[in-house]
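Fold and geometry: a report
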Amino acid sequence: MEQAALETLASKLEEQVKGHYPDGGVQRVALVPYGDDPEVEPGGLWVRVFFKLTGVPMEGQARTLALTAWQDAHAAMLDELQREFAQALPAARLLEFKFIVDDDAELKGSVRRRIGGSAADLAERQRDLTPVMARLGPVDLWTLDTLITAGIATNRADAVRWVLARIRERPAYAKLRERAQELDDLKAQF
């Protein structure tokens, strides 16, 4: 999507979000496509809402409690926005609220909700999978994104699973697994 189209769409979404939060808390809405933020996957789009909060500490446990309280107080509205964006913006994958505090500084942390996504994304969330968080550098992200762009994987998690499956297919992995089992057996003898 071109930048001008993104800006026009962001403006419309901003009006929609402000309609849900008429108290003036919404400062602006931005659409974040792939390439603008390293967390956004190829083909993905995030809706980022900047929301003004007053009287919230910048750091520590009090900040965490304030964000949790805000999320709890606005849960119904967040659910409604999720549904609306899933229908109106099929490319959107995440709704993120970032917070601005009294002195116009951006508060560390955000409230995130998944929206939209493909049938594969839904199936992934419903399978018995363990979430794993990894910090990757630019070359590793580029590698995963290449697998997505080539159609080998639908998202970064799927790309990581694909790579791990290729490692398990190698004969050296079978030998490594045997050695690991032998070590476990020796440890058990102590």
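Basis of the calculations
Residues numbered from 1 in each chain as written. Predicted model: local features only at pLDDT ≥ 70, side-chain atom pairs only at ≥ 80, totals over all residues. Heavy atoms only, no water. Core = buried A, V, L, I, M, F, W, Y, C linked by side-chain atoms within 4.5 Å. Buried < 20%, exposed > 50% of the residue type's maximum accessible area, 1.4 Å probe, protein only. Helix = DSSP H or I, 4+ residues; strand = E, 2+ residues; numbered from the N terminus. Contact = heavy atoms within 4.5 Å. Salt bridge = Lys/Arg side-chain N within 4 Å of Asp/Glu carboxyl O. Pairing = 2+ DSSP bridges. Axes fitted to C-alpha atoms, helices over the stretch in contact; angles between N-to-C directions.

Overview of the nonpolar core
Tyr21, Val47, Trp70, Phe97 and Phe99 are the most contacted members of the largest nonpolar core, which totals 28 residues. Counting residues per element, the ones that place at least two in this core are α1 (3–20), β1 (26–33), β2 (45–52), α2 (60–73), α3 (75–88), β3 (92–100) and β4 (106–114). What Phe97 contacts, discounting residues up to four positions off in sequence, is Tyr21, Val49, Phe51, Trp70, Leu78, Leu81, Ser110 and Val111. Within the second largest apolar cluster, five residues are counted, among which are Leu144, Leu147, Ala153 and Ala159.

Concerning the pattern of salt bridges
Opposite charge on two side chains permits pairing when their charged atoms draw close. Under the criterion given, the structure shown has 11 salt bridges. Across the pair Arg112 and Glu96 runs a salt bridge whose closest N-O atoms are separated by 3.0 Å. In this pair, Arg112 is assigned in strand β4 and Glu96 in strand β3, connecting sequence segments 16 residues apart. Judged by relative accessible area, Arg112 falls into the partly exposed class, the value being 36%. Accessibility expressed as a relative area gives 1% for Glu96, which makes it buried. Among the salt bridges present, the one from Glu106 reaches Lys98, with a minimum N-O distance of 3.4 Å. Glu106 gets classed as partly exposed once you look at its relative accessible area, which sits at 42%.

Comments concerning the sheet that holds β4
One open sheet accounts for four strands, arranged β1-β2-β3-β4; its pairing is mixed. Whereas interior strands pair on both sides, the edge strands pair on one side only; in this sheet they are β1 and β4. In this sheet, adjacent strand axes meet at a mean angle of 20° when their direction is disregarded. In terms of strand pairing, β2 meets β3 through eight bridges, oriented parallel. Bridge pairing links Arg48 to Glu96 in β3. This element, α1, spans β1 and β2 of the sheet and lies at about 140° to β1.

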